[in-house]
Structures are given as C-alpha cells and as structure tokens.
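# Notes for the structure review
As a plain string of letters, each chain reads:
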Amino acid sequence: MTFPFQNFMVESRMRLGLSRSFWLMLALIALLTAAAIGLPRLYRMALLGSGYMAQILCSGIFVSGRDFEDLMTEDLSGPGLEALRLFTPSVDKDAKDVSAAVFGLARQTALYREGLGCTLIAGRSEAALRAEAAGLFPPAAPPDRDAEWPSGARVTAGPWPEGVDGAAAARAIDEIFAEPDPKRPRGTRALVVVYRGRIVAERYADGFDAHMPLIGWSMSKTGTNALVGLRVQDGALALDDTRLMPEWQEQDDPRGAITLNELMRMTSGLAFDESYDDKLSDVSQMLFVHGNTAGFAASKPLVHEPGTVWSYSSGTTSIIAAILRETFADARDYLRFPHDRLFAALGMRTAALPPDASGTFMGTSFLFASARDWARLGLLFVQDGMWRGKRLLPPGWAAYSLRPTPQSPHDDYGAQVWLKLPDSPGHGEPPMPEDAFYMSGYDGQVVAMVPSRDLVVVRLGLTPKGGDWEPARDLAPLVNAFPARAP
C-alpha cells in the first residue's frame, strides 16, 4: 500500500534528480561554450606575448647590439608587461634568431636578416625567409665615424653658436635626462640637436651611443611617407590612384574607391582598432601575430565613406607599404628600395626596415636608426626634400605632407606626420613654434622639426605607461633656446 505522502516523496526525488541532471548538463554546455570562445582568445593573447618578446629581443640583440639581460629588465618588464614573466625566451646567437613561448605553447620565432632586421616567421618557413634575403646586402661594415653626418658638419665643441641661449639649452637637456620621480621614469636614451645642419648637442644614457639603431615605432610612418614620395617622383604612383589592393578589385567593392591620398591622411574609412592596451586589438594582433600585416588591414570593412572621417590607424600605413611593393616587378628590388634610394642618399648607415613574413615592409612601426640618422630624416623634411643641394623628394612633397588634414582634430595631422604634438595639449609652456611638425612614436619617441629655426631635435627612449614625459613640455624650453631665422 502506497500512501500519498510516499508518492509525493518519490516524485519529488525524481524531479530533483532530473533537475540536477538538467542543471549539470547546462553547466557543462556553458563551460564547453566558454572554452570554445575563450581558448582561442587566450591563444591569440599568448601569441601576442610570444611574438612581442621574440621581436623585441631579436631586434634589441641583433639590430641594436644590446645585452639580453638589459632588454629583459628594461624593455620587457614594467607596467603593462607583467604577463611576460610567464614567457620563456630562447636566443640562438649563431642562427641569429629568438623564440618565445608560454609553458611551451604559442611559440613564435623572430629571425634576423642582414640589412633588413628582424621578422616574425608567422606562416613562413625559416629557410624560405632566409633565401628571400640571401645576397641582398653585404655584411655591414664597422661604422665610419667620419661618415656619420653630412660632409662639412661636425659635432660642435665649446661655445654654443651665436644667438643660441646656451644656458637655457643646457638646462633643458639636463631636464630631459633627469629622473625626478623614480616611480614615474622619463626613460630618455638619446638626444640629438641639429642646428643649421650641424649637430650642436647630443647626449646618451648609459648603454646607448651615437651608433646604436633604436626603434622609432610610429615615427616609422614618416619614413614610409618619404618612400611614397620617391615612387611618386618615379611616376610609379599618384596620390589619386584607386583600386589599390587585390582585395578591393571587384567593381562593387566600395573600398576600391579609397585613394592613396586618403590612406596617407588616415581618412580611408576602414575599420581598425588602434587600442594599445587591448591585447586583442587590431594593431596588437597585426604587428605581432599576423604574418601578412597589409592583408590583415586591407580585409577590414568600410565604416565611413572614404575621405570623410579621420581615424589614426597603423593598418593604413601597412596597406601603403603593400602598395609600394606592387610598384616593383621584382620583390628583391622592393626589399632593397629603402636602402638604395633613401637610406644611402641620406647617409643613414644604421637604418633597417624589416618586412613582415609576407615580404611587406613594417613601415608603420619598425624602422630602426640611430638618433643621428633619425635627425637626417628630419632634416630632409626641414630642407623641403633637398639633400646636399640635390632634390630627393618631389617638388612640393614636403608642403603636401605638412598640409593639415581638415578631418583631423584641430588640424593636427598631415600625411603620415604630426603637425601638433598629440600628447601635450596647448603645445607646452612656453609654446612650440607654429611651424613645428613632428614624427611621434610609442614610448615617447619624437623628432621635432622646426624650419623657422633650422632645427631638428631627436629624443629616443622608453617612457613606460604613466612615465613623466610630455614632449611639448619637455622639448619647448630646448627649442625656444634657439633663435628664429631672419626673414
């Protein structure tokens, strides 16, 4: 005989068992879904960490000639880089490559090639990449200290040139290298001041010198500008060219309407996330995970009509580098092009611009050069594209580059060059000269170019997030110590 109470208990237990099974199944599905979504994200983040570590170490050791320990301590630790403690690097000095992985997973390798610098292998074989560059450049000769600056120029010793407030300039230089707050380091590594075509001041932090190539990060974009100018002068490119990428060739693809000029001015309308703190942002993944940087950027959809909205994008400069590549029938001619036509002409003996694994220059971020050689590039623009009395860039190219892009905030951007310092609203106190323009890069890299004062100032360093470096605030006292050129 079964009592109603007993039936109720049996049914309740059955329902409870079913309920538990149901919720356990839901939990399992949720966990599997989270794993399916989360694991690829975690893996891409791990690839970013290993790619960043491999690239920075490879470039630091084999391009800049720095010590492994210094790079690990100074360049691969600090705010925002804490996760890199989990990664293990491996350096092969004979093969000239560096690998990095996290717990043996997500391994990436960067290899050094003479004259080109370091490239993440990413989808290519090491043998193929080495064959691609074989015989392109002879082994680098020891630096010729007499060839480090244009003929007739010298590093000034003794008194400052007439008209310069030497005391103010010296104080400003001391301040640029000062570290008043250890918790907020400035991290200046190199400073070069060129006045009227001569180096009148330079200083280096311990471990750095006049011949050491250092990364420019986004200052590289202005170097890419110069390379485009050379191909425009050759008749291989025009600023109104369209249908620029293979991905945009279909007649119904609206991206085909994007002009080279719109790419140069960051008004392409293409989607691109330039967030540096987001490990999965487009810029982070493009630079350190994807072997075809231009292909990655060119695949993005339009989010604005071309030419209507300004948006700073390293992806557009990667696309420009690929457009340059398409103007060469022989890939090896393209790889030699920066050296043959720009670096050699300016005497930039330390410069190296690496390609990505697909063979397209990393013209958005990875140009390496000594502070003196960065000054040479700056002087080229101050001199309106002239070098040693010879026209290097097309007539009017510097003026084109410095014409404000009206869609940019406060007209502060030209064509791959800044017209105002983005990190210092109000241009600092005292203000920078109105005609000053800038190469500007991550971690506080800056080249200030001031035609009205015949002046170029190069500051290279590593200012961590929250560091005490404001370009206009810290450069303005130095720049304003030099007199304006007589009309």
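The structure under discussion appears in the preceding block.
Residues numbered from 1 in each chain as written. Predicted model: local features only at pLDDT ≥ 70, side-chain atom pairs only at ≥ 80, totals over all residues. Heavy atoms only, no water.

What follows covers the overall build of the protein chain. Looking only at helices and strands, the protein chain has 13 helices and 13 strands in total. Taking as baseline every contact in the protein chain between residues at least 6 positions apart, the subset at least 24 positions apart corresponds to 66%. Carbon together with sulfur atoms contributes 57% to the accessible area of the protein chain, which is approximately 21,800 Å² in total. (Helix = DSSP H or I, 4+ residues; strand = E, 2+ residues; numbered from the N terminus. Contact = heavy atoms within 4.5 Å. Areas by Shrake-Rupley, 256 points an atom, 1.4 Å probe, with all protein chains shown as cover.)

Moving on to the environment of Gly 216. With respect to the helices, strands and loops of the structure, Gly 216 is situated in the loop between β7 (214–215) and α5 (220–233). Judged by its relative accessible area of 0%, Gly 216 falls in the buried class. Leave out the neighbours within four places in its chain, and Gly 216 touches Ser 365, Leu 367, Trp 374, Gly 441 and Gln 445. (Buried < 20%, exposed > 50% of the residue type's maximum accessible area, 1.4 Å probe, protein only.)

Here we take up a nonpolar patch on the surface. A surface patch of nonpolar side chains, amounting to about 290 Å² of accessible area, comprises Leu 39, Leu 42 and Met 45. Mapping Leu 42 onto the fold places it in helix α1 (residues 4–63). (Patch = residues over 30% accessible without salt bridge, like charges linked within 9 Å, V, L, I, M, F, W, Y side chains within 5 Å. Salt bridge = Lys/Arg side-chain N within 4 Å of Asp/Glu carboxyl O.)

Under the definition given, this model contains 1 disulfide. Across the disulfide, Cys 58 is cross-linked to Cys 118 (sulfur-sulfur distance 2.1 Å). The sign of the -80 degrees torsion about the S-S bond sets the Cys 58-Cys 118 disulfide as left-handed. Placement of Cys 58 in helix α1 and of Cys 118 in strand β4 (residues 117–120) is noted, with a sequence separation of 60 residues between them. Just as Cys 58 is buried, Cys 118 falls in that class too. (Disulfide = S-S within 2.5 Å.)

Packing of α5 against helix α11 (residues 371–382) leaves a shortest axis separation of 11 Å and a crossing angle of 50 degrees. Judged by the angle between their axes, α5 and α11 are oblique. When the axes of α5 and α11 are compared, the crossing they make is left-handed. Contact residues: α5 offers Ser 220, Thr 222, Gly 223, Asn 225 and Ala 226, while α11 offers Trp 374, Leu 377 and Phe 381. Among the residues forming the contact of α5 with α11, the class breakdown is 4 nonpolar, 4 polar and no charged. (Axes fitted to C-alpha atoms, helices over the stretch in contact; angles between N-to-C directions. Parallel < 35°, antiparallel > 145°, perpendicular 65-115°, else oblique. Left-handed = near helix turned anticlockwise from the far one by under 90°. Nonpolar A, V, L, I, M, F, W, Y, C, P; charged D, E, K, R; others polar.)

At a minimum axis separation of 10 Å, α5 and helix α9 (residues 314–326) run at an interaxial angle of 30 degrees. By the angle between their directions, the pair α5 and α9 is classed as roughly parallel. Relative to α9, α5 is oriented so that their crossing is left-handed. In contact with Lys 221, Thr 224, Leu 227, Val 228 and Arg 231 of α5, α9 contributes Ser 314, Thr 317, Ile 320 and Leu 324. For the contact of α5 with α9, a count of residues per class yields 4 nonpolar, 3 polar and 2 charged.

This next bit is on the packing of aromatic side chains. Within the structure shown, the criterion is met by 18 aromatic pairs. Pairing Phe 288 with Phe 366 gives two aromatic rings, centres 5.8 Å apart and planes at 80 degrees, and the pair type is edge-to-face. Here Phe 366 lies in the loop between α10 (331–346) and β8 (368–369) and Phe 288 lies in helix α7 (residues 282–288), a separation of 78 residues in the sequence. Note on Phe 366: relative accessible area 1%, which makes it buried. When the centroid spacing of 6.4 Å and the interplanar angle of 45 degrees are considered together, the rings of Trp 310 and Tyr 312 count as tilted. Each member of the pair, Trp 310 as well as Tyr 312, is classed as buried. An aromatic cluster is defined as three or more aromatic residues linked by ring pairs; in this entry it consists of Tyr 52, Trp 217, Tyr 276, Phe 288, Phe 366 and Tyr 442. One cation-aromatic arrangement involves Arg 231 over Phe 328; the distance from NZ or CZ to the ring centre is 4.1 Å. A cation over a ring is seen here: Arg 231 above Phe 337, with NZ or CZ 5.8 Å from the ring centre. (Phe/Tyr/Trp six-rings, centres within 6.5 Å; stacked < 30°, edge-to-face > 60°. Lys NZ or Arg CZ within 6 Å of the ring centre and 35° of its normal.)

Pairing within the open sheet is antiparallel, and its 4 strands lie in the order β1-β2-β3-β4. Across the chains shown, the open sheet's two edge strands, defined by having one partner strand only, are β1 (87–92) and β4. Strand after strand, the sheet turns through a mean of 20 degrees between neighbouring axes, direction not considered. Summarising the sheet, β1 and strand β2 (residues 97–102) pair through 6 bridges and their orientation is antiparallel. Paired with Pro 89 across the two strands is Ala 100, which belongs to β2. In this fold helix α3 (residues 126–133) packs onto β2, β3 (105–113) and β4, with an angle of close to 20 degrees to the strand it touches most, β3. (Pairing = 2+ DSSP bridges.)

The next subject is α11. Compared with the 16 Å implied by 1.5 Å per residue over 12 residues, the 16 Å span of α11 between its first and last C-alpha is a close match. Along α11, 12 of the 12 residues are buried, which leaves the element largely enclosed by surrounding structure. When we look at burial in α11, the residues that qualify are Ala 371, Arg 372, Asp 373, Trp 374, Ala 375, Arg 376, Leu 377, Gly 378, Leu 379, Leu 380, Phe 381 and Val 382. Just beyond α11, the residue with positive phi is Asp 384, at close to 60 degrees. (Expected span 1.5 Å × (residues − 1).)

A separate point is the pattern of salt bridges. Following the criterion strictly, the structure yields 24 salt bridges and no others. Here Arg 186 ties to Asp 468 by a salt bridge, and the two come within 3.0 Å at their closest N and O atoms. In this pair, Arg 186 is assigned in the loop between α4 (166–177) and β5 (188–195) and Asp 468 in the loop between β13 (455–461) and α13 (471–479), connecting sequence segments 282 residues apart. Assessed through its relative accessible area of 8%, Asp 468 is described here as buried.

This part covers the sheet that holds strand β11 (residues 437–441). With antiparallel pairing, 5 strands are arranged side by side in an open sheet as β6-β5-β13-β12-β11. The outermost strands of the open sheet, each flanked by one partner alone, are β6 (198–204) and β11. Put simply, the sheet's adjacent strands are angled 5 degrees from each other on average, direction ignored.

With that settled, consider the environment of Phe 103. Relative to the helices and strands, Phe 103 resides in the loop between β2 and β3. Of the residues examined, Phe 103 reaches a relative accessible area of 68% and is grouped as exposed. For the pair Phe 103 and Thr 88, spaced 15 residues apart in sequence, the C-alpha to C-alpha distance is 7.5 Å.

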